[in-house]
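Each chain is listed here by its residues.
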Amino acid sequence: MKINFRLFDVGNKGYLQLSDLKKVINDVNREFKEMGMDGEHLPTLRDDQIKAMIEEFDGDQDDVINFAEFKHIMKFA
């Protein structure tokens, strides 16, 4: 699970913030485009939508997702 967290954690800060999640979404979209998938099937999220996701799982309300919160999110994946 820690390896998965580190894939999202740009800079190995120990938490995920808006910019980390945006980077992952953009990277996934780029990979799909390179595989020839058309744009309408790719996930697009606005900043406010990503912030809402963070807020939903941010148990300690520090505006980032720590490893414990990430593990909780992965229970639903």
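Refer to the structure printed above.
Calculation criteria
- Residues numbered from 1 in each chain as written.
- Predicted model: local features only at pLDDT ≥ 70, side-chain atom pairs only at ≥ 80, totals over all residues.
- Heavy atoms only, no water.
- Helix = DSSP H or I, 4+ residues; strand = E, 2+ residues; numbered from the N terminus.
- Buried < 20%, exposed > 50% of the residue type's maximum accessible area, 1.4 Å probe, protein only.
- Core = buried A, V, L, I, M, F, W, Y, C linked by side-chain atoms within 4.5 Å.
- Polar contact = N/O pair within 3.5 Å; in protein donor to acceptor, adjacent residues only side chain to side chain.
- Contact = heavy atoms within 4.5 Å.
- Phe/Tyr/Trp six-rings, centres within 6.5 Å; stacked < 30°, edge-to-face > 60°.
- Lys NZ or Arg CZ within 6 Å of the ring centre and 35° of its normal.

Enquirer: Just to check I follow, could you spell out unusual backbone geometry for this structure?
Expert: Apart from glycine, the bulk of residues carry a negative phi angle, and the bulk of peptide bonds sit in the trans form. One non-glycine residue, Gln61, lies in positive phi territory at about 55 degrees. Take Gln61: it is sitting in the loop between helix H3 (47-57) and strand S2 (65-66). Classification of Gln61 as exposed rests on a relative accessible area of 68%. At Asp63, a residue that is not glycine, the phi angle is positive and equals roughly 70 degrees. With respect to the secondary-structure elements, Asp63 resides in the loop between H3 and S2. Asp63 sits in the exposed class, given a relative accessible area of 58%.

Enquirer: Hey, could you run me through the nonpolar core in this one?
Expert: Soluble globular proteins: nonpolar side chains tend toward being buried together. Listed in full, the 9 residues of the largest apolar core are Phe5, Leu16, Leu21, Ile25, Ile50, Ile54, Ile65, Phe67 and Phe70. Looking at this core, the elements that each hand over two or more residues are helix H2 (18-34), H3 and helix H4 (67-74).

Enquirer: What's the story with the side chain of Asp20 in this structure? I'm lost.
Expert: Residue position: Asp20 is located in helix H2. There is a polar contact of 2.9 Å between the side chain of Asp20 and the backbone nitrogen of Gln17. When residues no more than four places from it in sequence are discounted, the contact partners of Asp20 are Phe8, Asp9, Val10, Lys13 and Tyr15.

Enquirer: Would you mind going over the environment of Phe70 with me for this structure?
Expert: In this structure, Phe70 sits in helix H4. We classify Phe70 as buried; its relative accessible area is 3%. Along the sequence, Phe70 and Tyr15 sit 55 residues apart, while their C-alpha atoms lie 8.9 Å from each other. With residues near it in sequence (within four places) discarded, Phe70 still touches Met1, Asn4, Phe5, Phe8, Leu16 and Ile65.

Enquirer: Sorry if this is basic, but what is going on with the packing of aromatic side chains here?
Expert: For any pair of aromatic rings, the description consists of the separation of the ring centres together with the inter-plane angle of the planes. Within the structure shown, the criterion is met by 4 aromatic pairs. On the basis of an interplanar angle of 75 degrees and a centroid distance of 5.4 Å, the ring pair of Phe5 and Phe67 is categorised as edge-to-face. With Phe5 in helix H1 (residues 2-8) and Phe67 in helix H4, this residue pair connects regions lying 62 residues apart in the sequence. Here the aromatic residues Phe5, Phe8, Phe67 and Phe70 are joined through ring pairs into a cluster of three or more. Looking at Lys2, its charged tip hangs above the ring of Phe67, at a distance of 4.3 Å from the centre.

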